[in-house]
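Fold and geometry: a report
Here is what each chain is made of, one letter per residue.
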Amino acid sequence: MVSREIKIAPSILSADFARLGEQVAEVTTAGAHYIHVDVMDGHFVPQITIGPPVVAAIRPCTNLTLDVHLMIERPELQLEQFARAGADILTVHAEACPDLRKVVEQIKGLGVKAGVSLNPATPLAMIEEILPAIDLALMMTVNPGFAGQAFIEEVVDKIARLRQILDERGLACELEVDGGISAQTAPGAVRAGAQVLVAGSAIFNRRESVGDAIARLRASLGGLTD
Ligand code: DX5
Ligand code: ZN
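Figured I'd write up the structure that's included with this text. Model, not experiment: these values are computed from the prediction.

Turning to its location among the elements, aspartate 38 is positioned in strand β2 (residues 34-40). For the buried residue aspartate 38, which engages in no salt bridge, the nearest side chain bearing the opposite charge is lysine 158, 16 Å off. For aspartate 38, the side chain forms a polar contact with the side chain of serine 11, separated by 2.6 Å. A distance of 3.1 Å separates the side chain of aspartate 38 from the side chain of histidine 69, its partner in a polar contact. When neighbours within four sequence positions are excluded, aspartate 38 is seen to be in contact with Ser11, Leu13, Thr49, Ile50, His69, Met71 and Asp178.

Going through the model one piece at a time under the given rule, you end up with 11 salt bridges. Two residues, aspartate 167 and arginine 4, come together in a salt bridge whose shortest N-O distance is 3.8 Å. On the criterion of sequence distance, the pair formed by aspartate 167 in helix α6 (residues 155-168) and arginine 4 in the segment before β1 (7-10) is long-range, its members being 163 residues apart. Residue aspartate 167 is classed as partly exposed on the basis of its relative accessible area, which comes to 45%. According to the relative accessible area criterion, arginine 4 is partly exposed, its value standing at 23%. For glutamate 174, the salt bridge goes to lysine 7, with nearest N and O atoms at 2.6 Å. In this pair, glutamate 174 is assigned in strand β7 (residues 174-178) and lysine 7 in strand β1, connecting sequence segments 167 residues apart. In this structure glutamate 174 comes out as buried when scored by relative accessible area, which is 11%. Lysine 7 gets classed as buried once you look at its relative accessible area, which sits at 16%. Where salt bridges share partners, they join Asp16, Arg19, Glu22 and Glu26 into one cluster.

Our next topic: the pairing of strand β5 (residues 113-118). Counting buried positions along β5 gives 5 out of 6 residues, so the element sits mostly inside the fold. Two elements, strand β4 (residues 89-93) and β5, share 5 bridges in a ladder whose sense is parallel. Residue pairing across strands places histidine 93 opposite serine 117, the latter belonging to β5. Taken together, β4, helix α4 (residues 100-109) and β5 constitute a β-α-β crossover, and its handedness is right-handed. By the bridge criterion, 4 bridges tie β5 to strand β6 (residues 136-140) in an arrangement that is parallel. Its bridge partner lying in β6, leucine 118 is registered against methionine 139.

In this section: the site of ligand 1. In the vicinity of ligand 1, 20 residues are found, and the nearest of them are Asp38, Gly145, Asp178, Gly200 and Ser201. For ligand 1, an oxygen atom lies 3.3 Å from a polar atom in the side chain of serine 11. Taking histidine 69, its side chain carries an N or O atom lying 3.3 Å from an oxygen atom of ligand 1. Considered on its own, ligand 1 offers 380 Å² of accessible surface; in the complex 100% of this is hidden by protein. Mapping ligand 1 onto the cavity grids shows that it belongs to the largest pocket. Elements with a contribution of two residues or more to the shell around ligand 1: β2, β3 (65-71) and β8 (196-199). The element that contributes the greatest number of residues to the shell around ligand 1 is β2, accounting for 3 residues. Of the residues that constitute the shell around ligand 1, the class distribution is 9 nonpolar, 9 polar and 2 charged.

Here is what the cut-offs are and how they apply
Residues numbered from 1 in each chain as written. Chains lettered and ligands numbered in written order. Predicted model: local features only at pLDDT ≥ 70, side-chain atom pairs only at ≥ 80, totals over all residues. Heavy atoms only, no water. Helix = DSSP H or I, 4+ residues; strand = E, 2+ residues; numbered from the N terminus. Buried < 20%, exposed > 50% of the residue type's maximum accessible area, 1.4 Å probe, protein only. Lys, Arg positive; Asp, Glu negative; His and termini not counted. Salt bridge = Lys/Arg side-chain N within 4 Å of Asp/Glu carboxyl O. Polar contact = N/O pair within 3.5 Å; in protein donor to acceptor, adjacent residues only side chain to side chain. Contact = heavy atoms within 4.5 Å. Pairing = 2+ DSSP bridges. Right-handed = clockwise from strand over helix to strand, strands pointing away. Near = heavy atom within 4 Å. Areas by Shrake-Rupley, 256 points an atom, 1.4 Å probe, with all protein chains shown as cover. 1 Å grid on protein atoms, 1.4 Å probe; cavity = no way out; pocket = protein on both sides within 12 Å on 5 of 7 lines; lining within 4 Å. Sits in = over half its atoms within 2 Å of the grid points. Nonpolar A, V, L, I, M, F, W, Y, C, P; charged D, E, K, R; others polar.

What follows is the structure, encoded as structure tokens:
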């Protein structure tokens, strides 16, 4: 049994960009907790997606937390613009920040929450020292870059080890997972200790409404949470 409240963070990367505002409003009504915004620069990852103007455009469409995942090099150059656009959480990749503490302090100085993400092959040791200073640790369960990839089972052990460290040290940092999360994979991630579930293609797809998709994801956790 998991006592923490599990949060759902739909990734708008899989939404219909032609009606992005409506889709953000739909997941808000359907009970999502965060809106996850995947920013890619064509360098840190191969694809280019969206930037601060899109964050600013969706800001009035929801009162939910805008959880901005920066898959970009030199994030320190962009943080202020994203904060000004309305981001509530700015998550950078440890792999992209040689001076991670400085970047985290910069994020905090902008008055927003600070997150740090690790790719599947990056060891936990990269963030152990910074955990007390951050609000969110994002464990990638696919190689970042594209929606719709298969969940990498091997990361479950890393999630469990991070959960143990956070609990032992009494840290409030949220543990978020991102990539290949669905009704099939979510229970394993939550059992290992994930608290925030990012889901793109499992929520925005042609098979079902976003409301039905979120309900199905929640139902998959049925026996796990109280
Ligand atoms: C991957 C992104 C994810 C992705 C999730 O690089 O960070 O947020 O869009 O999409 P699904 O849930 O389809 O794997
Ligand atoms: Zn993401």
